[in-house]
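# Structural features, examined
Residues per chain are reported as follows:
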Amino acid sequence: MEPERGTAAIKEQFLTTKEKFHEFLASARPRASRDEADGDPEEPSGEPEQKRVKLDRDAEQKKKKMRGQNKSRPHIKPQSYEERRLCPSIVQERDTKCVYGEKCRFLHDVSEYMCSKAADLGDQCYLFSSFGWCQYGVTCRFSRAHTSPELKNLRNEELCRRSTDTVSNHLDKDLQRRLRKKQQRFPGAEAYLKTVSRGEKSTDQSHAVKQDPDRPHTEVQRQHTHTDTHTHVDFRDKLYLAPLTTCGNLPFRRVCKRFGADITCGEMAMVTNLLQGQASEWALLKRHASEDLFGVQLEGCFPDTMTRCAELLNQNIDVDFVDINSGCPIDLVYKKGGGCGLMTRTSKFEQIVRGMNSVLDVPLTVKIRTGVQQNCNIAHKLIPEMKKWGVSLVTLHGRSREQRYTKSADWEYIDTCSKLAAPVPLFGNGDILTYEDAMKARETGVSGIMVARGALIKPWLFTEIKENRHWDISSGERLDILRDFTNYGLEHWGSDTQGVEKTRSFLLEWLSFLCRYIPVGLLERIPQKINERPPFYMGRDYMESLMASQHVDDWIHISEMLLGPVPKNFSFLPKHKANAYK
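Note that the coordinates shown come from a computational prediction; the quantities given were computed from them, not determined experimentally.

In this section: the nonpolar core. Among soluble globular proteins, nonpolar side chains are generally buried collectively. Ranked by size, the top nonpolar core spans 140 residues in total, and within it I324, M356, M386, L482 and W510 carry the most contacts. Contact partners of L482, with chain neighbours within four places excluded, come to L507, W510, L511, L514, M547, I558 and L562. Formed by six residues, the second largest nonpolar core is a distinct cluster that contains L86, L107, Y113 and V138.

Written out as structure tokens, the structure is:
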């Protein structure tokens with residue numbers, strides 16, 4: 001049977017109907033979850049509507065209601081899942097008393113706290129097992145693994161001595177204070193901005209690391225702030241995990257590194273927030289020890305803030321390159337002149353690139369799109385100019401801002417632009433989901449490949465590309481990947497109730513992409529295309545079927561297998577409207 005347009009071809013013996021699919025999953029779902037799911041049949045199911053050939057206008061309007069970004073999401077403070085929280089001075093077992101005394105709004109009685117604390121989620125604490133100590137003490141949701149009968153936090157001294165801090169680029173408290181009080185100095189940025197105000201152009205001689213004309217542009221000298229030795233960054237033929245807002249967090253990047261990603265980059269960070277010392281924005285710059293070739297991506301639209309922020313990061317964090325986001329399509333960024341907006345503001349763009357280059361000791365890279373408007377490409381005009389400005393790498397997403405994901409990426413245009421960029425390396429980005437897609441992309445003139453949605457759908461894609469094979473990965477192996485992610489999340493966000501629920505939220509965001517993967521053994525026609533939607537099908541076992549569900553209740557069920565039951569006041573409002581859970 002021929003599948004509908006835009007639908008993946010699956011072997012007939014695995015195909016089923018929507019009703020039978022959900023009936024099968026519901027039969028094995030825990031009783032409490034089934035009771036919640038058995039609500040009013042008129043209530044929205046939380047499942048995106050199936051794509052189909054255009055019908056009448058009314059049907060199309062109804063369909064559009066549950067598509068696209070969830071722009072109406074309320075901007076709320078992080079949810080607190082504990083009525084009474086324990087004072088940090090007690091959690092950390094400090095020798096000194098709480099500085100707030102009687103005015104402290106937290107509990108100071110451990111026994112009273114333990115009476116209201118939610119039940120532990122397991123007997124083993126990943127942090128204690130890995131590092132010999134859990135900083136969350138009795139508030140850890142696995143605390144019985146490292147708590148004495150007297151409710152004291154235990155240590156494994158031998159493991160503590162062997163373990164080292166695996167995460168760098170923390171925000172120093174003194175630096176945060178100076179930024180908040182506007183006492184931080186930016187001598188390099190100020191010197192450059194004076195030349196701009198006088199109408200002068202910054203020359204390449206102002207760059208802290210000078211380019212040898214006899215060396216290829218793909219090898220750029222890098223001087224670490226903590227050493228006098230120089231190293232080289234060679235971008236050629238690398239697999240680059242794209243900076244992905246929300247889902248491209250540190251735990252997810254660790255998963256991708258295990259599967260063979262060569263280059264990783266932090267999530268887009270806004271320079272105005274970094275310059276104000278916002279801890280949540282600085283958290284986006286953190287680097288794990290496994291990320292051996294790591295950069296950060298900055299978003300801004302003015303030469304002064306971008307240059308100051310580049311100087312600030314150059315002095316205070318350890319990165320291998322800094323990337324300018326000139327491809328973000330969202331309105332919030334674009335309407336201010338940032339993201340894609342920079343592509344049409346070439347004068348400001350040039351000042352930003354030259355200014356950042358003047359204060360950085362590491363390569364400066366740029367990520368762009370084909371253009372802003374559909375059918376009006378401008379990247380080919382911009383790339384020769386960026387070569388003059390001194391960028392070390394250009395990454396081109398083969399779509400315009402207006403196009404988004406409605407059509408396939410234009411790799412012919414990427415090939416044209418790669419020739420214009422030479423000898424500066426250009427990476428291509430768009431629609432890479434299989435090693436065959438990667439092989440086809442490498443037939444163009446690109447120096448390397450950036451992977452975005454493909455990595456979210458199947459993070460083992462990097463292994464497939466490097467080994468030139470389709471990996472028919474089992475549901476058990478996929479669950480192990482999710483288990484690793486949750487462990488990394490507990491390490492990164494915390495193993496107390498707040499950390500557990502933050503890990504769950506990011507896991508659910510990721511599951512909204514993972515459910516699009518179709519196991520290789522079920523496909524009638526290999527390979528799966530990134531824009532092909534899976535029909536309803538039964539997997540080869542229960543877990544494979546559960547992972548194929550696009551119903552948010554089933555994602556919650558998967559999260560509960562790994563992180564225990566959700567709290568009573570738990571809610572999930574992801575970026576896609578159709579995936580909300582309340």
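At a minimum axis separation of 9 Å, helix α21 (residues 475–493) and helix α22 (residues 497–514) run at an interaxial angle of 145°. Crossing hand, α21 versus α22: right-handed. In contact with R478, I481, L482, F485, T486, G489, L490 and W493 of α21, α22 contributes G499, V500, K502, T503, F506, L507, W510, L511 and L514.

What UniProt calls "domain: C3H1-type" (unreviewed entry) maps, in this numbering, to residues 81–111 and 124–149. In this annotation, residues 81–111 is assigned 19% helix and 0% strand; the end-to-end C-alpha distance for the span is 19 Å. Note that residues 124–149 is 23% helix and 0% strand, and that its end C-alpha atoms are spaced 17 Å apart.

Our focus in this paragraph is the side chain of K257. The topology assignment puts K257 in helix α10 (residues 250–258). For K257, a relative accessible area of 15% puts it in the buried group. A polar atom in the side chain of K257 sits 3.5 Å from the backbone oxygen of D262. The contact partners of K257, leaving out residues within four places of it in the chain, are D262, T264, S290, E291 and D292.

What the rule picks out here adds up to eleven aromatic pairs. Centre to centre, the rings of W460 and Y517 are 5.0 Å apart; their planes meet at 90°, and the pair counts as edge-to-face. Here the residue W460 occupies a position in the loop between α19 (453–457) and α20 (461–467), and Y517 occupies one in the loop between α22 and α23 (542–548), the gap between them amounting to 57 residues. When its relative accessible area of 2% is taken as the criterion, Y517 is described as buried. Aromatic ring contacts, followed pair by pair, group F235, Y240, F321 and F427 into a single cluster. For the cation-ring pair, R469 lies above W471, with the distance from its terminal atom to the ring centre recorded as 5.1 Å. R504 extends its terminal NZ or CZ atom over the ring of F570, reaching a point 5.9 Å from the ring centre.

Right, let's talk about the pattern of salt bridges for a bit. Across all of its chains, the model carries 28 salt bridges by this definition. In this structure, K458 engages E464 in a salt bridge whose closest nitrogen and oxygen atoms are separated by 2.7 Å. The same class applies to K458 and to E464, which are both buried. By sharing partners, the salt bridges in this structure join K117, D120, D123 and R144 into a single network.

Here the chain averages 85 in pLDDT, while 83% of its residues score no lower than 70. For residues 202–231, every residue scores under 50 in pLDDT, and the model assigns this stretch 68 contacts once sequence neighbours within four places are set aside. Under a pLDDT of 50 for its full length, residues 577–582 has, in the predicted model, 32 contacts with residues more than four places off or in other chains.

Reading the values: the criteria
- Residues numbered from 1 in each chain as written.
- Predicted model: local features only at pLDDT ≥ 70, side-chain atom pairs only at ≥ 80, totals over all residues.
- Heavy atoms only, no water.
- Core = buried A, V, L, I, M, F, W, Y, C linked by side-chain atoms within 4.5 Å.
- Buried < 20%, exposed > 50% of the residue type's maximum accessible area, 1.4 Å probe, protein only.
- Contact = heavy atoms within 4.5 Å.
- Axes fitted to C-alpha atoms, helices over the stretch in contact; angles between N-to-C directions.
- Helix = DSSP H or I, 4+ residues; strand = E, 2+ residues; numbered from the N terminus.
- Left-handed = near helix turned anticlockwise from the far one by under 90°.
- UniProt positions renumbered as here; feature names shortened; annotations may be inferred.
- Polar contact = N/O pair within 3.5 Å; in protein donor to acceptor, adjacent residues only side chain to side chain.
- Phe/Tyr/Trp six-rings, centres within 6.5 Å; stacked < 30°, edge-to-face > 60°.
- Lys NZ or Arg CZ within 6 Å of the ring centre and 35° of its normal.
- Salt bridge = Lys/Arg side-chain N within 4 Å of Asp/Glu carboxyl O.
- pLDDT = per-residue confidence, 0-100.

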